[in-house]
Amino acid sequence: MSTVFRSLRERNYLIWFLGSLASNIGTWMQRTAQSWIVLTDLTNHDATALGVVISLQFGPQLVLAPMAGVFADRMSKRKLLIWTQLALGLLALGLGILVTADLAELWHVYAFALGLGIVAALDAPARQAFVSEIVDTELLSNAIALNSTSFNGARLVGPAVAGVLTVVIGAGPVILVNAATFALQIVALLMMRRSELLPAPPAGRGRGQIREGIAYVSKRPDIIAVLVAVFLLGTFGFNFPVFLATMATTEFHHNADGFGLLNSILAIGSLSGALMSARRERARMRVLLISCLLFGVAMLVSAAAPDFWTYAIANVAVGFFALTAMTTANALVQGSVEPTMRGRVMSLYMAIFLGGTPLGAPLLGLAVSALGPRATVALGGLSGVIAAILAFLILRKAGIFAWRDAARMWSPSAPATGIITISDIPDPRTEEQN
């Protein structure tokens, strides 16, 4: 098997990957269908209402992420994921039935978006951290890359599939398809061999665990640099439902088929970026900074596109650099933290990545109304350029020369001048087994 997919040789990881991919794609299918319903059926292309839906989907990340990270470190991640997938499936089933029966109103979509956002906030850190309990240390970097590829690839592929299916079968059945994908994820979790899992030691109960996670991150300038970049991209750069829907309808006068086509073309670039990320043996800070910068440039080019097809082609580059940036960021953070802190650190990561979206979505919706879609896409592009600059400045100030030695990371236990690679960080699981 190619080195790109070497983690898939492990039975547990293969089962997890397939179930997770189906669930992630289904989730983004539903979010896209919701956005399309709000934009075309329940309002008259009201970008502000669309921004509210996106805010409700991602807003709970900001509030619940710290506690969700504590749960992920304390509990069995496998059991927690089974319960969250069940809850998400029931919520999707309820909304799908309402939309299919033509009974849905705008407030229904708001309510279900909020419910999904709350459960997803509990699900995210456990999902991100669980991958480190499935494979051995030598496969961890590749497994993290593939897991991140599944999540971020679904963020781009799911809307593409939803755009096409919305035209063929309607938005309601698309949401019902998502409900079925959660069942697939539960089956995958139940099929995994528990004896082959490598669970991290559970964190003990006690006060100050959230503060402990924040303090840990505050001493890691490499993680801070990544989180700053992720916040800017997640808040202003990755609101693709707003960008693509408004460009397709308002600027180029297409309907759902044009929206679906744009998402499909965006997915071509994302899948290319996913494959490139999985080929790397370890994440590199230089790749993150360059991909942030080139994402911004690609977005600026797309904002100036004179016609629909030029805009569509530009989005191949947008998708490529978007997924490269987020896959690299995820692997840099998750691959360098202590196992007992992974849930809390990843909860902060997911809060900033997904939680920034509700902050940016309404602002971008207002920007579309005030400035037009093109200017709004350009603002998204500037976020990538600024993210690269700020992250680089943070690293330089901390003494990490990202351009010369980009694979190196700060050691949690070393002096401030010490730097190590991700692969040099000891894994307590291996030490205990020895």
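Here the structure is shown first, and the text comes after it.
The structure contained in this document is the topic of the report that follows. Position labels on residues start from 1 in each chain and follow its written sequence. It should be noted that, the model being predicted, local features are given only for residues of pLDDT at least 70 and side-chain atom pairs only at 80 or more, the latter also being counted only at that level, while totals for whole chains, interfaces and linings use all residues. Calculation of side-chain values draws on the structure's entire complement of heavy atoms; hydrogens and water are dropped beforehand.

### Topic: the overall build of the chain
So, point 1. Of regular secondary structure, the chain possesses 16 helices and 2 strands.
So, point 2. Only protein chains enter the accessibility calculation, which uses a 1.4 Å probe; a residue is then buried when its area is under 20% of its type maximum, exposed when over 50%, and partly exposed in between. When the 434 residues of the chain are sorted by exposure, 60% land in the buried category.
So, point 3. Partitioning the intrachain contacts of the chain with sequence separation of at least 6 by distance along the chain shows that 86% fall at a separation of at least 24.
So, point 4. On the chain, roughly 16,700 Å² of surface is accessible, and the fraction owed to carbon and sulfur atoms is 67%. To qualify as a helix, a DSSP run of H or I must reach at least 4 residues; to qualify as a strand, a run of E must reach at least 2; elements of each kind are numbered from the N terminus. A contact between two residues is defined here by any heavy atoms of the two lying within 4.5 Å. For the accessible areas, the method is Shrake-Rupley and the probe is 1.4 Å, while residue cover comes only from the protein chains on display.

### Observations concerning helix H7 (residues 171-191)
So, point 1. By this rule the span expected of a helix is its residue count minus one, scaled by 1.5 Å. For H7, built from 21 residues, the straight-helix expectation of 30 Å at 1.5 Å per residue is met to within 8% by its first-to-last C-alpha distance of 31 Å.
So, point 2. Every buried residue belonging to H7 is among Ala171, Gly172, Val174, Ile175, Asn178, Ala179, Thr181, Phe182, Gln185, Ile186, Ala188 and Leu189, and all of these are buried.

### Notes on the packing of helix H9 (residues 221-237) against helix H13 (residues 308-334)
So, point 1. Convention adopted: a line fitted to C-alpha atoms gives each axis, helices being fitted over their contacting stretch, and angles between N-to-C directions are expressed from 0 to 180 degrees. Viewed as axis vectors pointing N to C, H9 and H13 meet at an angle of 150°, and their least axial separation amounts to 10 Å. As far as their axial angle goes, H13 and H9 are roughly antiparallel. Pair H9 / H13 crosses with left-handed handedness. Residues Ile223, Val226, Val230 and Leu233 of H9 pack against Ala325, Met326, Ala329, Leu332 and Val333 of H13.
So, point 2. For the contact of H9 with H13, the residue count by class is 9 nonpolar, no polar and no charged. Just so you know how the angles are binned, under 35 degrees is roughly parallel, over 145 roughly antiparallel, 65 to 115 roughly perpendicular, and the rest oblique. Handedness of a crossing follows from how the near helix is turned relative to the far one, being left-handed for an anticlockwise turn of less than a right angle and right-handed for a clockwise one. Under the scheme applied here, ten amino acids are nonpolar (Ala, Val, Leu, Ile, Met, Phe, Trp, Tyr, Cys and Pro), four are charged (Asp, Glu, Lys and Arg), and all others, including Gly, are polar.

### Details of the pattern of salt bridges
So, point 1. When a carboxyl oxygen of Asp or Glu lies within 4 Å of a side-chain nitrogen of Lys or Arg, that pair is called a salt bridge. Enumeration over the complete set of coordinates arrives at 5 salt bridges.
So, point 2. Linking Lys77 and Glu133 is a salt bridge whose minimum nitrogen-to-oxygen distance equals 3.0 Å. Linking Lys77 in helix H4 (residues 77-100) with Glu133 in the loop between helix H5 (106-130) and helix H6 (137-168), this pair joins segments that are 56 residues apart in sequence.
So, point 3. When its relative accessible area of 5% is taken as the criterion, Lys77 is described as buried.
So, point 4. Salt-bridge contacts for Glu196 lead to Arg193; the nearest nitrogen and oxygen are separated by 3.2 Å.
So, point 5. The exposure class assigned to Glu196 is partly exposed, which follows from its relative accessible area of 36%.
So, point 6. A residue is classified by how much of its surface remains accessible, and Arg193, at 41% relative accessible area, is partly exposed.

### Quick word on the environment of Leu323
So, point 1. Here Leu323 is to be found in helix H13.
So, point 2. Residues Leu323 and Gly273 lie 50 residues apart in sequence; the distance between their C-alpha atoms is 5.7 Å.

### Some words on the nonpolar core
So, point 1. Grouped together as the largest cluster of nonpolar side chains are 96 residues, with contacts concentrated most on Tyr13, Phe240, Phe295, Tyr311 and Tyr349.
So, point 2. Among the elements that make up this core, the one with the highest residue count is H13 (12 residues).
So, point 3. The nonpolar core is taken to be a set of buried Ala, Val, Leu, Ile, Met, Phe, Trp, Tyr and Cys residues, with the residues joined through side-chain atoms within 4.5 Å. In this structure, Met29, Val99, Phe112 and Ala162 belong to the second largest nonpolar core, which totals 11 residues.

### Regarding H4
Each full turn of the α-helix corresponds to 3.6 residues, which orients residues three or four apart in the same direction.
So, point 1. For H4, spanning 24 residues, the distance from its first C-alpha to its last is 34 Å, which sits close to the expected 34 Å at 1.5 Å a residue.
So, point 2. Asp102 sits one or two residues past H4 and shows a positive phi near 60°.

### Points about the environment of Val135
So, point 1. Following the sequence through the fold, Val135 ends up in the loop between H5 and H6.
So, point 2. Looking at Val135, the relative accessible area reads 1%, which means it is buried.
So, point 3. Distance from Val135 to Leu8, taken between C-alpha atoms, is 9.8 Å for residues 127 residues apart in sequence.

### Re the packing of aromatic side chains
So, point 1. Two rings from Phe, Tyr or Trp (for Trp, the six-membered ring) form a pair when their centres sit within 6.5 Å of each other. Planes less than 30 degrees apart are called stacked, planes more than 60 degrees apart edge-to-face, and all others tilted. This structure, assessed with the given rule, holds 9 aromatic pairs.
So, point 2. Summarising the aromatic geometry, the rings of Trp16 and Phe130 are spaced 5.2 Å apart at their centres and angled 75° between planes, so their arrangement reads as edge-to-face. Highlighted residues: Trp16 in helix H1 (residues 11-42) and Phe130 in helix H5, separated in sequence by 114 residues. Accessibility classification places Trp16 together with Phe130 in one group, the buried group.
So, point 3. Ring pairing ties together the aromatic residues Phe238, Phe240, Phe243 and Phe295, which thus form one cluster.

### Some thoughts on a nonpolar patch on the surface
So, point 1. Residues Leu300, Leu371, Leu379, Leu382, Ile386, Ile389, Leu390 and Leu393 make up a contiguous nonpolar surface patch of about 680 Å² in total accessible area.
So, point 2. By residue number, the principal contributor to the nonpolar patch is helix H15 (residues 373-398), which donates 6 residues.
So, point 3. Within the secondary structure layout, Ile386 lies in helix H15.
So, point 4. Judged by relative accessible area, Ile386 falls into the partly exposed class, the value being 43%. Each patch is built from salt-bridge-free residues with over 30% relative accessible area, joining like charges within 9 Å and nonpolar side chains (Val, Leu, Ile, Met, Phe, Trp, Tyr) within 5 Å.

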